[in-house]
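Understanding the architecture of this molecule
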Amino acid sequence: MGVRIAALRETASGEARVAATPETVRKLIALGATLAVERGAGAGAGIADADYEQAGAHVGARAEVLAGAEIILAVQAPDADTLSGTAPGAWVVAAFDLFRRGEAVAAYAAAGLEALAMDWMPRITRAQSMDILSSQSNLAGYKAVLEAANAYGRAFPMMMTAAGTIPAARVFVMGVGVAGLQAIATARRLGAQVSATDVRSATREQIQSLGAKPVFVEGVEGIEGEGAGGYAGETSEEYRRAQAELVAGHIAKQDIVITTALIPGRPAPRLVTDAQVATMRPGSVIVDLAVEAGGNVEGAVAGEVVQRHGVTIIGHRNMAGRLAADASALFARNLHNFLAAFWDKEAGRPVLDAEIGDAIRLTQGGVVVNPRLTS
């Protein structure tokens, strides 16, 4: 029998995604693995247990699924104490979200599990198909615009009618990574007048290529190109002051603001102050995609939709998870691509190399081994 892989039902509140789909189950079995899926794992994504069984997986209770499992697949890494019965040194392949769950690493080490943080996947060319942050951020950027449109009490496109003209909604996207670019594209498709900003000067052309207006600080050096891992990094105090002044004047004219700025391992940067929210006209909408990391917007509350100064501030957690079926399909493919890329036919299981293995491996042999956690 091949390596035993278990896909678990998510237990985190509001988490409807699943880490394996019938498609990826079939592909993993084709590699030589045996698959077990926890009963009800795919319910939130519209996948029935029978679909997994038809794909070749065994479906059962958690204890049954975990018994002897050598690789465990999950969306959000489960607590280590819920994983009893696995094979010694079993891999747990999931998002660990160490900004909020750093204490989980020690528990994984103590349990003798090998934690592989897919959200720490290096942003290199050969790992693009394994990058869960990109696939989920893409959906989050799209869904953020739809949530904003739903909360906004007016139309997005310009409409010329016999009764007069309705102007296009003005949408401002702050942070032009994967989520920001998709937000721009989606808002443009809906007919909005879109502008965007980022601290990385290299994003100017990307903004323009999508038909949006770039809003950048001129005459003060920001960040040239990409920061570490493709993310933005810290900027100078001079740049932050100049950007705040520029943004303050621009936000006051916007109907919808979508913020997406994240810095790995640190709280999200504050981009919009309460005073700036107060300059927006009543009925305007802000969507803070960084709310779970501390928030880009003053007054945003994780998991809630709040009103401040007549402005609706949307702070939904897990925005990609609100598109559970598509998010699961992409997440599961990321995990399959990861395992398949390192599959060793002789060993009958994946064998990681140093470049990617050292980047995502948090624990091994009962100790914390990732240099980002030990230095």
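Our subject in this report is the structure included herewith. (Residues numbered from 1 in each chain as written. Predicted model: local features only at pLDDT ≥ 70, side-chain atom pairs only at ≥ 80, totals over all residues. Heavy atoms only, no water.)

Thoughts on the sheet that holds strand E3 (residues 58-60)
- As summarised here, the arrangement of the six strands in space is E3-E2-E1-E4-E5-E6, forming an open sheet in which the pairing is parallel. Of all the strands in the sheet, the pair left with one neighbour each is E3 and strand E6 (114-117). Taken over all neighbouring pairs, the strand axes of this sheet differ in orientation by 20° on average, direction set aside.
- One ladder, built from four bridges, connects strand E5 (residues 91-95) with E6; its direction is parallel. Each residue of the ladder has a partner; that of Val-92, found in E6, is Ala-115. (Pairing = 2+ DSSP bridges. Helix = DSSP H or I, 4+ residues; strand = E, 2+ residues; numbered from the N terminus. Axes fitted to C-alpha atoms, helices over the stretch in contact; angles between N-to-C directions.)

Quick look at helix H9 (residues 237-251)
- Compared with the 21 Å implied by 1.5 Å per residue over 15 residues, the 21 Å span of H9 between its first and last C-alpha is a close match.
- Taken as a whole, H9 has its buried residues at Tyr-239, Gln-243, Val-247, His-250 and Ile-251. The arc enclosing the buried residues of H9, seen along the axis, measures out at 85°, which places them on a common side.
- Residues of H9 that are buried sit in contact with strand E9 (170-174), strand E10 (193-197), strand E12 (256-259) and helix H10 (274-279). (Expected span 1.5 Å × (residues − 1). Buried < 20%, exposed > 50% of the residue type's maximum accessible area, 1.4 Å probe, protein only. Arc of directions from axis to C-beta. Contact = heavy atoms within 4.5 Å.)

Comments concerning the pattern of salt bridges
- Scanning all chains against the criterion turns up 17 salt bridges.
- Between Arg-9 and Glu-38 there is a salt bridge, with the nearest N and O atoms lying 3.7 Å from each other. A residue pair is termed long-range when its members are at least 10 positions apart, and Arg-9 in the loop between strand E1 (4-7) and helix H1 (22-31) and Glu-38 in strand E2 (residues 34-38) qualify at 29 residues.
- By relative accessible area, which is 5% here, Glu-38 ends up buried. (Salt bridge = Lys/Arg side-chain N within 4 Å of Asp/Glu carboxyl O.)

Some details on the side chain of Thr-312
- Residue placement: Thr-312 occurs in strand E15 (residues 311-314).
- Thr-312 gets classed as buried once you look at its relative accessible area, which sits at 10%.
- Non-local contacts of Thr-312, meaning those with residues more than four positions away in its chain, are made with Ala-151, Ser-284, Val-285, Ile-286, Val-305, Val-306 and Gln-307.

Regarding the packing of helix H6 (residues 132-151) against helix H7 (residues 178-189)
- For the pair H6 and H7, the least separation of the axes is 7 Å and the interaxial angle reads 35°. Read as a crossing pair, H6 and H7 show a hand that is right-handed. Listed contacts from H7 to Ser-134, Ser-137, Asn-138, Gly-141, Tyr-142 and Val-145 of H6 are Val-178, Ala-179, Gln-182, Ala-183, Thr-186, Ala-187 and Arg-189. (Left-handed = near helix turned anticlockwise from the far one by under 90°.)

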